[in-house]
Amino acid sequence: KPQHPSLSAVPSSPIPVPQPLLPSPPPTVAARQLDELLADLGHMQSKLAAAGQGAGVPAEPGPPAEPSLDNMLGSLTRDLQELGITAAPAGVCAACRKTIAGKVLTALGKTWHPEHFTCTHCGQELGNRPFFERGGQAYCEEDYHQAFSPRCAYCAGPIREVSPSGLPRHPPPPPAASPCLFLQKVLTALDQTWHPEHFFCAHCGKVFGDDGFHERNGKPYCRQDFLAMFAPKCQGCERPVTDNYLSALQGVWHPECFVCAECLSSFASGSFFELEGRPYCELHFHQRQGSICHGCGRPVISRCITVAGRKYHPEHFICTYCLGQLQKGTFREHGNKMYCQACHDKLFL
């Protein structure tokens, strides 16, 4: 009986495939002011560092300098207070555990420095692209699918599930830059998952239609190839036997193919004769065996008389002229016909 695969847009794996999440940095006036100040401060520090290296002046001995970032943040806070701006920290970065004074990114219920919100596997920044969450960890799309999406049994590649086209993305990535962003369905068959275009006949390569598929040794086959390769063949026509059949002569037959090999008539009585693996009716079996009465043309199945290589029923071994019954040893032959002694002498002497 043919089987039918299950086609759906939801993976059959017990591992759910969530939709990509998007980080949400809040665009506030204070944050923009902090960004501008931090940028100016970083630019100034770069100039000072370059000037010090160009002068080549040896450093005076003394205690090691405090971390420049902390000093910058402290100076920035004082400068803002002098300007009348209270710069409350935006939060603590979940990665480095330091105060966030500039741009802040909110994701997974936490706050991050944008450069610290990265893929758990490959380390690339996720601030401007969709990401997936698994066990509280963030993953880029490629690494998530490689690690957790169901695999195609044919190509071993991940079967990607992405959000429907109606769900907004931020920003919408161009197809060339993100080849994985297209909707794929997962097909479940033979206790495995497949890309729909990769579930095809293992022999001819055609994708299965409404007829479904047949399985053999864990491989799917279309009906035509399955029957041609694995179904028992009729001993008469050598075509596959799919429904009604007869078992005879160590093989199977279509009922309409089980006929006399000579006259092609069916065996109405239910009995047949076998010769060299083929079925025959009684008449043609005896013809093949040379056991047909030369007198009546019917099979000789009991007592017989054999004369000149020909067989006769005893009652049919008669004189051609007078029709009297002949006895072996008391007849004459002329022109392949049998005569009694008297008729032979009368006709031919």
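Relevant structure appears above.
This is a predicted model, so every value here is computed, not measured. All chains use their own residue numbering, which begins from 1 and follows the written sequence. Per-residue local features of the predicted model are confined to residues with pLDDT of at least 70, and side-chain atom pairs are confined, for both listing and counting, to 80 or more; whole-chain, interface and lining totals are unaffected and use all residues. Side-chain figures throughout are based on the complete set of non-hydrogen atoms in the structure, without hydrogens or water.

Caption draft 1: The packing of aromatic side chains, seen in detail. Within 6.5 Å between ring centres, the rings of Phe, Tyr and Trp (the latter by its six-membered ring) count as paired, and their orientation is classed by plane angle as stacked under 30 degrees, edge-to-face over 60, tilted in between. Counted by the stated rule, this structure contains 21 aromatic pairs. Centroid distance Phe208 to Phe213: 5.7 Å. Interplanar angle 40 degrees. Geometry classified as tilted. An identical accessibility class is assigned to Phe208 and Phe213; each is buried. Linked through ring pairs, Phe132, Tyr139, Tyr144 and Phe148 together constitute an aromatic cluster. Above the plane of the ring of Phe148 lies Arg134, whose end atom (NZ or CZ) is 4.5 Å from the centre. Relative accessibility thresholds used throughout: buried, under 20% of the residue-type maximum; exposed, over 50%; partly exposed, between the two (1.4 Å probe, protein chains only). Two limits define a charge over a ring: the Lys NZ or Arg CZ must be within 6 Å of the ring centre, and within 35 degrees of the ring normal.

Caption draft 2: Just the environment of Val92, in detail. Note that Val92 resides in strand β2 (residues 91-92). Here Val92 falls in the partly exposed class, since its relative accessible area comes to 40%. It is 8.6 Å that separates the C-alpha atoms of Val92 and Lys110, two residues lying 18 residues apart in sequence. The secondary structure listing takes helices from DSSP runs of H or I that are at least 4 residues long and strands from runs of E that are at least 2 residues long, numbered from the N terminus.

Caption draft 3: Geometry of a nonpolar patch on the surface. Only residues whose relative accessible area exceeds 30% and that form no salt bridge are eligible for patches; like-charged ones are grouped when within 9 Å, while nonpolar side chains (Val, Leu, Ile, Met, Phe, Trp, Tyr) are grouped when within 5 Å. The method behind every accessible area is Shrake-Rupley, applied with a 1.4 Å probe, and residues are considered shielded solely by the protein chains displayed. Criterion for a salt bridge: a side-chain nitrogen of Lys or Arg within 4 Å of a carboxyl oxygen of Asp or Glu. On the surface, a cluster of nonpolar side chains totalling about 280 Å² of accessible area is made up of Tyr321, Leu347 and Phe348. Turning to its location among the elements, Leu347 is positioned in helix α6 (residues 341-348).

Caption draft 4: Region of interest: helix α3 (residues 141-148). Along α3, the residues that are buried comprise Glu141, Asp143, Tyr144, His145 and Phe148. Should any heavy atoms of two residues lie within 4.5 Å, those residues are counted as being in contact. Structurally, α3 contributes buried residues whose contacts are with β6 (132-134) and β7 (137-139).

Caption draft 5: Structural detail: helix α4 (residues 223-230). Of all the residues in α4, the buried ones are Asp225, Phe226 and Leu227. Looking at the packing, one finds that the buried side of α4 touches β10 (214-216) and β11 (219-221).

Caption draft 6: Just the side chain of His284, in detail. Tracing the backbone through its elements, the reader meets His284 in helix α5 (residues 282-289). With sequence-adjacent residues up to four places away left out, His284 is seen in contact with Cys260, Glu262 and Cys263.

Caption draft 7: Expanded view of the pattern of salt bridges. Following the criterion strictly, the structure yields one salt bridge and no others. With its nearest N and O atoms 3.5 Å apart, the salt bridge here joins Glu333 to Arg310. Of the two residues, Glu333 is situated in strand β18 (residues 331-334) and Arg310 in strand β17 (residues 310-312); the sequence distance between them amounts to 23 residues. Arg310 gets classed as buried once you look at its relative accessible area, which sits at 16%.

Caption draft 8: Molecular detail of the nonpolar core. Buried Ala, Val, Leu, Ile, Met, Phe, Trp, Tyr and Cys residues that are joined via side-chain atoms within 4.5 Å together make up what is termed a nonpolar core. Counting residues in each nonpolar core, the largest one holds 15 residues, and the members touching the most others are Leu187, Ala189, Trp194, Phe199, Cys201, Phe208 and Phe213. Looking at which element gives the most residues to this core, the answer is strand β8 (residues 186-189), with three residues.

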